[in-house]
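Topology and contacts: notes
This is what each chain is made of:
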Amino acid sequence: MKEIAVFPGSFDPFTYGHLDVVKRALKIFDKILILVLNNPRKKPFFTPEERMRIINEILELEGLLDRVSVDYYKGLMVDYLRQHEYNLVIRGLRAVSDFEYEILQAHANAKLCPEMETIFMFTSPEYSFLSSSLVKELAMFGADISKLVPEPVIKAINEKLERETSNLSGGE
Ligand code: ADP
């Protein structure tokens, strides 16, 4: 099958749960495009550029750059899909709470862009609890997040938190 599927999300930051979805989706699709979007419901920790850079570093470490790429779009996902003539979208499902949000999104997107299809992948059980918000909360309390996110995320979080601390203390 010669298909490209788009995996959209905030990825703020990218976690092992996201990586697991990408790797499993590569068993079905030739190529995956990770599309970084702004979710107006969420206050971002990393800028879209930082998120893209982190994801690219992870893909390089994982040897996936030949089949997985990253892009950012500041507008509506369906507009991006139309502009690039993509029509397959992958989303991950962890719990019933995800389902309610995801089905509304999928139906709204289908109305806006009838030619697109959303394909859902269940989380692997070991990542069913894992979210970007959990990672940020734990990191802010200095917890070990090495089992939740790849190394480039840990580095970027530490750098950002250090910068914020030095800004707060007047750069001393
Ligand atoms: P969004 O703000 O669009 O929900 P996220 O970065 O939070 O963006 O999630 C992107 C996609 O990845 C969503 O479909 C989400 O359900 C899925 N996802 C997030 N964490 C996991 C995980 N641990 N396992 C499987 N899917 C996940």
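What counts, and at which threshold
- Residues numbered from 1 in each chain as written.
- Predicted model: local features only at pLDDT ≥ 70, side-chain atom pairs only at ≥ 80, totals over all residues.
- Heavy atoms only, no water.
- 1 Å grid on protein atoms, 1.4 Å probe; cavity = no way out; pocket = protein on both sides within 12 Å on 5 of 7 lines; lining within 4 Å.
- Points joined across faces, edges and corners; volume = space filled by probe spheres on them.
- Helix = DSSP H or I, 4+ residues; strand = E, 2+ residues; numbered from the N terminus.
- Nonpolar A, V, L, I, M, F, W, Y, C, P; charged D, E, K, R; others polar.
- Core = buried A, V, L, I, M, F, W, Y, C linked by side-chain atoms within 4.5 Å.
- Buried < 20%, exposed > 50% of the residue type's maximum accessible area, 1.4 Å probe, protein only.
- Contact = heavy atoms within 4.5 Å.
- Phe/Tyr/Trp six-rings, centres within 6.5 Å; stacked < 30°, edge-to-face > 60°.
- Lys NZ or Arg CZ within 6 Å of the ring centre and 35° of its normal.

**Considerations on the layout of surface pockets**
Picture a little ball the size of a water molecule; that probe, rolled over the atoms, points out where space is still empty. Size it by volume and the largest pocket reaches roughly 1,200 Å³. Forming the walls of the largest pocket are 48 residues, and the residues nearest its centre are Asn39, Lys42, Arg91, Tyr101 and Glu102. Elements with a contribution of two residues or more to the lining of the largest pocket: strand 1 (4-9), helix 1 (16-25), helix 3 (77-84), strand 4 (88-93), helix 4 (96-112) and helix 5 (132-140). If you tally residues by element for the lining of the largest pocket, the top one is helix 4, at nine residues. For the lining of the largest pocket, the per-class residue count stands at 20 nonpolar, 18 polar and ten charged.

**Some words on the nonpolar core**
Within the largest apolar cluster, 37 residues are counted, with the highest numbers of intra-cluster contacts made by Ile32, Ile34 and Ile90. Broken down by secondary-structure element, the contributors of at least two residues to this core are strand 1, helix 1, strand 2 (31-37), helix 2 (48-61), strand 3 (68-73), strand 4, helix 5 and helix 6 (151-168). Among the elements that make up this core, the one with the highest residue count is helix 2 (five residues). Contacts of Ile90, omitting those with residues within four sequence positions, involve Ala5, Val6, Phe7, Pro8, Val21, Ala25, Phe29, Ile32, Ile119 and Met121. Residues Val6, Leu35, Met77 and Leu81 belong to the second largest nonpolar core, which totals twelve residues.

**Section: the environment of Glu117**
Here Glu117 shows up in strand 5 (residues 117-122). Spatially, the C-alpha atom of Glu117 lies 6.1 Å from that of Val89, the residues being 28 residues apart in sequence. Excluding residues that lie within four positions of it along the chain, Glu117 makes contacts with Asn87, Leu88 and Val89.

**Observations regarding the packing of aromatic side chains**
Under the criterion given, the structure shown has five aromatic pairs. Their ring planes at 70° and their centres at 5.1 Å tell us that Phe7 and Phe11 sit as a pair that is edge-to-face. As far as the burial class goes, Phe7 and Phe11 line up, both buried. Cation over ring: Lys160 sits above Phe45, and NZ or CZ is 6.0 Å from the ring centre.

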